[in-house]
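Topology and contacts: notes
So you can see what is in the structure, the chains are spelled out below.
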Amino acid sequence: MVSTSLICPQCGAALPSQARWRTVECLYCSAIVSPRVRTILAADYRAAYERSLADDDAGSRIVCAGRRYRVLDTLAADGHVLLAQCLGAGPERVVIKLAQGPDAARALQHEAAVLRQLQAAALPGAAYFSQRLPQLVAHGAATGNVAHGTQALVLRHPVGYWGSLADVRRHYPQGIDPRHAVWMWRRMLDVLGYVHAAGWAHGRLAPEHLLVHPADHGILIIGWSRAQRIGAAATAARDLMQTAWSLRSLLHGGGDDNDGGGGDGGGLHRGVLVEHALDL
């Protein structure tokens, strides 16, 4: 009997064996693949796998925790946040955060520890909410022709998230429709309810740390390097206040940043937001 492997025709990721007899969804790129997907001989698959591992000196490389990544793009102006693709079978895309200096390295270490605990929390809804928080792939010393001698935090790249709420604000300087803001706020509150139940507070819920999924108003909260256990210094109420200020800045438009403070400006916009939230 000839051994075969099933792959996604869109991204090349491995498909489950059920793809032989029914339509399945690719776990990496979310493509819907019908049973007519072609099969690949095992020998051809191994040859392609060996080619994927071959060195390409022309590209930028990072190695972390035994896995190699090809850098595709820079996601931050300082060059310390990168979009990359894992080399080898299952070429998933990842976001790599690089630490320059001991303080940044400690921050990445703390972020990795927080994300591990949030993903491991045995709470109701964990299977759902763990998919709506950053997913840690690796953390440790980085080598390669891009990041030699630095610490790296590797996160699974969230599929479908277009940008941050700060980007939305720049594209809509006159403010957004309150109905969209309400849906996004509800998504944030759902995730924060899970995070707070796990005993953590984010503490810096500025628009830059809130990625948006335009198809379903989904929100992914990033930037957990300064998250703290809920207590005197970090509270759930502060997180909730910061989400309200972030959404207020979207409704108001312009450059009204979330500072997490008190203040009273823009009361009309906050009132509209709360009114719609109560209606829904």
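Preceding this section is the structure that the text describes.
To start, this report covers the structure provided alongside it.

Details of the environment of L115
Mapped onto the elements of the fold, L115 is located in helix α2 (residues 102-120). For L115, a relative accessible area of 0% puts it in the buried group. Between the alpha carbons of L115 and Q135 there is a distance of 7.2 Å; along the sequence they are 20 residues apart. When neighbours within four sequence positions are excluded, L115 is seen to be in contact with P134, L155 and W224.

A closer look at the packing of helix α5 (residues 178-197) against helix α6 (residues 236-252)
What describes two packed helices is the angle between their axes and the distance between those same axes. Two numbers describe how α5 lies on α6: the axes approach to 10 Å, and their chain directions differ by 160°. When the axis of α5 is compared with that of α6, the two are roughly antiparallel. Regarding α5 and α6, the two cross each other, and that crossing is right-handed. Across the interface between the two elements, P178, A181, M184, W185, M188, L189, L192 and H196 from α5 touch A236, D239, L240, T243, A244, L247, L250 and L251 from α6. Its residues assigned to classes, the contact of α5 with α6 shows 13 nonpolar, two polar and one charged.

Describing the sheet that holds strand β13 (residues 210-213)
The antiparallel open sheet is built from three strands, whose spatial order is β11-β13-β14. Sheet topology places β11 (163-164) and β14 (218-221) at the edges, where each strand pairs with a single neighbour. When β11 meets β13, the two strands line up antiparallel, connected through two bridges. Across the sheet, S164 pairs through a bridge with L211, a residue of β13. Sitting on the sheet, α5 touches β13 and β14, and the angle it makes with β14 is about 45°.

What about the pattern of salt bridges?
The final tally for this structure, using the stated rule, is six salt bridges. Notably, a salt bridge pairs D167 with R170, separated by 2.2 Å at the nearest N-O pair. With D167 and R170 both in helix α4 (residues 165-171) and three residues apart, this pair spans about one turn of that helix. Residues joined by salt bridges that share partners form a network here, namely R67, E92 and R156.

As for α5
Between its first and last C-alpha atoms α5 spans 28 Å; for 20 residues at 1.5 Å apiece the expected length is 28 Å, and the two agree. Listed as buried for α5 are A181, V182, M184, W185, M188, V191, L192, Y194, V195 and H196. G199 occupies a position one or two residues after α5 and carries a positive phi of about 95°.

Observations regarding the packing of aromatic side chains
How two aromatic rings sit relative to each other is given by the distance of their centres and the angle of their planes. Applying the stated criterion across every chain, the model contains two aromatic pairs. Arranged with centres 4.9 Å apart and planes meeting at 90°, the rings of Y128 and F129 form a pair that is edge-to-face. Owing to a relative accessible area of 40%, Y128 belongs among the partly exposed residues under this scheme. Since its relative accessible area comes to 15%, F129 is described here as buried. Ring geometry for F129 and Y194: centres 5.2 Å apart, planes at 20°, overall stacked. Note that F129 is positioned in helix α3 (residues 126-129) and Y194 in helix α5, a separation of 65 residues in sequence.

Thresholds applied
Residues numbered from 1 in each chain as written. Predicted model: local features only at pLDDT ≥ 70, side-chain atom pairs only at ≥ 80, totals over all residues. Heavy atoms only, no water. Helix = DSSP H or I, 4+ residues; strand = E, 2+ residues; numbered from the N terminus. Buried < 20%, exposed > 50% of the residue type's maximum accessible area, 1.4 Å probe, protein only. Contact = heavy atoms within 4.5 Å. Axes fitted to C-alpha atoms, helices over the stretch in contact; angles between N-to-C directions. Parallel < 35°, antiparallel > 145°, perpendicular 65-115°, else oblique. Left-handed = near helix turned anticlockwise from the far one by under 90°. Nonpolar A, V, L, I, M, F, W, Y, C, P; charged D, E, K, R; others polar. Pairing = 2+ DSSP bridges. Salt bridge = Lys/Arg side-chain N within 4 Å of Asp/Glu carboxyl O. Expected span 1.5 Å × (residues − 1). Phe/Tyr/Trp six-rings, centres within 6.5 Å; stacked < 30°, edge-to-face > 60°.

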